[in-house]
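Summary of structural features
What follows is the residue order along each chain.
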Amino acid sequence: MAKPDILFEPMQLPCGVVLKNRIAKSAMSDSLGDGTGHPTDTQIRLYDRWAEGGLAVAIVGEVQGSPYFAEKPGNLVLNGDADLDRFRQLAEAGARNGAQLWLQLGHAGAMAYPPISTPKGPSALDMPGLTCAQMTAEDIAALPAMFARTAMLAQEAGFGGVQVHAAHGFLLSQFLSPLFNKRTDAYGGSIDRRMRLLLEVIVAIRAAVVPGFVVAVKLNATDQLDGGLVEDDALEVIRALEGTGIDLLDISGGTYFPGATSSSDSGGTGPYFLRFAERARPITTKPLMVTGGFKTRDHAIAAVASGVVDLVGLARAFVLQPDFPVKWQRADIALPFPKFTDPPEGGITAWYTMRLTEIGEDRERQEISDLHQTIATYEARDRERAKTWAAYFKMGLCPVT
Ligand SMILES: Cc1cc2nc3c(=O)[nH]c(=O)nc-3n(C[C@H](O)[C@H](O)[C@H](O)COP(=O)(O)O)c2cc1C
């Protein structure tokens, strides 16, 4: 086994930014926006604690460029109407202690939160738990500029970079997936066409920000869904990304499609996507981050020592022990992963989300009670916040069907 020091070696990204070590807090939708798309004090405190805990970079999940296709009403919305000073406070807190803080640029598309949106995806869908309309050519044409504007504002507010969200079944991932994308125009069909929007978004962002600003992409290795994106197609996307100005490719997988497997609800042991990363390594010179299933320091050391992975992405570990990077530098502490018996779908992700609030409020971890109750509490909070969102953004509150 390689020495732990390998995890604490700095690395330089193509844009010149130096990450202080190899440990990243992968994007999590923390549900801590205030319902008007702005950061709360609890959220600012959460990122402050993570930065103090010794990570190299944290990524805020699901930051929307438009309020109309949010994943949840606790998302941030960064557009021309946002109060940049609130975002500046978040950027500052998350960049303490030499950490980087990036925003993940999201658009939930077909999976937009129904009470505050009329979901639209690459193609119309009507299935249990998921109904959406098809985006028009005009809708698609407006997207690169929208993502680029949010990236520009992120830079202005003091964040170190952005991550384009093309994973887990949200809009850009829907375009990549033959299951969601049945279009017959230039944005559907072969993988070359399905990735077209993602490439246009990246080009627009890179043109809108300064050369030293990080542009990363999160991509599924596979959707783990019948008829979804498969590994060979994901490798084609990686080949194409080689020709773009991105600084980092974050590989993950799974989707939040109703009934599907999501990585954050998975109970698997050991990292999930290393075999895919081994396939990707020879075809790209871009730094690779791999996210999903890292549970021990040995997992992380082995991944970096293999030469395949440059940066290890962890989500749930950071919820359980926000300062594990400083601890891992001194000793091999075990992370307190809870055991869930027969968890309902979405229950584990709901539990981790509620725990994020406790961390931001400097509260101790509560005993795990009934996960059905946790889901109910989580959903009730979102229903309340949706009312604030609908009033603030002057949209009707749609009934949940
Ligand atoms: C509470 C929670 C919220 C998440 N939200 C997002 C998100 O907004 N964007 C994203 O790309 N992934 C999101 N994820 C997925 C994680 O980034 C990660 O891919 C997944 O949890 C697997 O990593 P882990 O095994 O280290 O938890 C979320 C995970 C959790 C637990």
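Throughout what follows, the structure given in this document is the object of discussion. The structure presented is a predicted model; accordingly, all values stated were derived computationally and were not measured. (Residues numbered from 1 in each chain as written. Predicted model: local features only at pLDDT ≥ 70, side-chain atom pairs only at ≥ 80, totals over all residues. Heavy atoms only, no water.)

The next point concerns the overall build of the protein. A count of helices and strands for the protein gives 13 helices and 14 strands. At 19 Å, the protein has a C-alpha radius of gyration in line with the 21 Å of a compact globule built from 401 residues. Taken along the three principal axes of its C-alpha coordinates, the protein extends 55 × 45 × 45 Å. Within the span of the protein, comprising 401 residues, buried residues form 61% of the whole. A separation threshold of at least 6 residues defines the contact pool for the protein, and within that pool the share at least 24 residues apart is 71%. For the protein, the accessible area works out to roughly 15,200 Å², and carbon and sulfur atoms hold 52% of it. With 38 positive and 46 negative side-chain charges, the protein shows a spacing of 2 Å between the two charge centroids. (Helix = DSSP H or I, 4+ residues; strand = E, 2+ residues; numbered from the N terminus. Rg over C-alpha atoms; globule rule 2.2 N^0.38 Å. Buried < 20%, exposed > 50% of the residue type's maximum accessible area, 1.4 Å probe, protein only. Contact = heavy atoms within 4.5 Å. Areas by Shrake-Rupley, 256 points an atom, 1.4 Å probe, with all protein chains shown as cover. Lys, Arg positive; Asp, Glu negative; His and termini not counted. Charge placed at Lys NZ, Arg CZ, Asp CG, Glu CD.)

Another point: the pattern of salt bridges. Taken as a whole and judged by the stated rule, the model has 21 salt bridges. Between Arg 96 and Asp 48 there is a salt bridge; the shortest N-O distance is 2.7 Å. Taken together, the residues span a long stretch of sequence, with Arg 96 in the loop between helix H2 (84-94) and strand S6 (100-106) and Asp 48 in helix H1 (residues 41-52) at a distance of 48 residues. Note on Asp 48: relative accessible area 13%, which makes it buried. In this structure, Glu 384 and Lys 387 form a salt bridge, with 2.9 Å as the shortest nitrogen-oxygen distance. Here Lys 387 and Glu 384 lie together in helix H13 (residues 371-392), a separation of 3 residues that amounts to about one turn. Taking relative accessible area as the criterion, Lys 387 reaches 45% and is therefore assigned partly exposed. Bridged by salt links that share partners, the residues Arg 45, Asp 48, Arg 49, Arg 96 and Asp 362 form one connected network. (Salt bridge = Lys/Arg side-chain N within 4 Å of Asp/Glu carboxyl O.)

Turning next to the packing of aromatic side chains. As enumerated under the stated definition, the model contains 12 aromatic pairs in all. Judged by centre distance (5.0 Å) and plane angle (80 degrees), the ring pair of Tyr 47 and Trp 50 falls under edge-to-face. Remark: Trp 50 and Tyr 47 occur in helix H1; sequence separation between them is 3 residues, near one turn of the helix. Relative accessible area serves as the criterion here: at 1%, Tyr 47 is assigned to the buried category. Residue classification places Trp 50 among the buried positions, given a relative accessible area of 0%. Directly above the ring of Phe 337 sits Lys 295, whose terminal nitrogen or CZ lies 5.2 Å from the centroid. (Phe/Tyr/Trp six-rings, centres within 6.5 Å; stacked < 30°, edge-to-face > 60°. Lys NZ or Arg CZ within 6 Å of the ring centre and 35° of its normal.)

To continue, consider the packing of H2 against helix H3 (residues 137-157). Relative orientation of the contacting elements H2 and H3 amounts to 65 degrees, with a least axis distance of 8 Å. Classified by the interaxial angle, the pair formed by H2 and H3 is roughly perpendicular. The interaxial crossing formed by H2 with H3 has right-handed handedness. Counted together, Leu 84, Phe 87, Arg 88 and Ala 91 of H2 and Leu 153, Glu 156 and Ala 157 of H3 form the full contact between these two elements. Residue classes in the contact of H2 with H3 are distributed as 5 nonpolar, no polar and 2 charged. (Axes fitted to C-alpha atoms, helices over the stretch in contact; angles between N-to-C directions. Parallel < 35°, antiparallel > 145°, perpendicular 65-115°, else oblique. Left-handed = near helix turned anticlockwise from the far one by under 90°. Nonpolar A, V, L, I, M, F, W, Y, C, P; charged D, E, K, R; others polar.)

Moving on: the site of the ligand. Not every one of the 22 residues close to the ligand is listed here, only the nearest: Ala 27, Ser 29, Gln 104, Gly 293 and Arg 316. In this structure, an oxygen atom belonging to the ligand sits 2.7 Å away from a main-chain N or O atom of Gly 293. A distance of 2.7 Å is found between an oxygen atom of the ligand and a side-chain nitrogen or oxygen belonging to Arg 316. Summarising the interface, the protein chains cover 97% of the accessible area of the ligand, which totals 600 Å² for the free molecule. Elements supplying a minimum of two residues to the shell around the ligand: strand S3 (23-28), strand S4 (57-64) and helix H12 (347-360). The element best represented in the shell around the ligand is S3, accounting for 3 residues. (Near = heavy atom within 4 Å. Polar contact = N/O pair within 3.5 Å; in protein donor to acceptor, adjacent residues only side chain to side chain.)

Turning our eyes to something else, we now look at the sheet that holds strand S7 (residues 120-121). Across the sheet, which stays open at both edges, the 3 strands sit in the order S7-S9-S8 with mixed pairing between neighbours. Where the open sheet ends on each side, the last strands, each with one partner, are S7 and strand S8 (125-127). Note: S8 against strand S9 (residues 130-134), 3 bridges, orientation antiparallel. Paired with Met 127 across the strands is Leu 130, a residue of S9. (Pairing = 2+ DSSP bridges.)

All right, on to the nonpolar core then. The biggest cluster of nonpolar side chains holds 97 residues, and the ones touching the most others in it are Leu 198 and Ile 205. With 9 residues, H3 is the single largest residue contributor to this core. Residue contacts for Ile 205: discarding those within four places in its chain leaves Leu 105, Phe 147, Ala 148, Ala 151, Val 162, Val 164 and Val 215. Listed in part, the 16 residues of the second largest apolar core include Cys 15, Leu 19, Ala 216 and Leu 311. (Core = buried A, V, L, I, M, F, W, Y, C linked by side-chain atoms within 4.5 Å.)

This part is about H2. For an α-helix the count is 3.6 residues per turn, leaving residues at separations of three or four pointing the same way. Turning to H2, its buried residues number three or more, namely Leu 84, Phe 87, Leu 90, Ala 91, Ala 93 and Gly 94. Buried positions along H2 lie against H1, S4, strand S5 (76-77), S6 and H3.

Where helix H6 (residues 196-208) contacts helix H7 (residues 231-241), the two axes come as close as 11 Å, and the packing angle between them is 30 degrees. Considering the angle they form, H6 stands roughly parallel to H7. Here the hand of the crossing between H6 and H7 comes out right-handed. Note on element contacts: H7 touches H6 through Val 237, Ala 240 and Leu 241, opposite Leu 198, Leu 199 and Ile 202. Grouping the constituent residues of the contact of H6 with H7 by class yields 6 nonpolar, no polar and no charged.

Keep in mind these values describe shape, not function.
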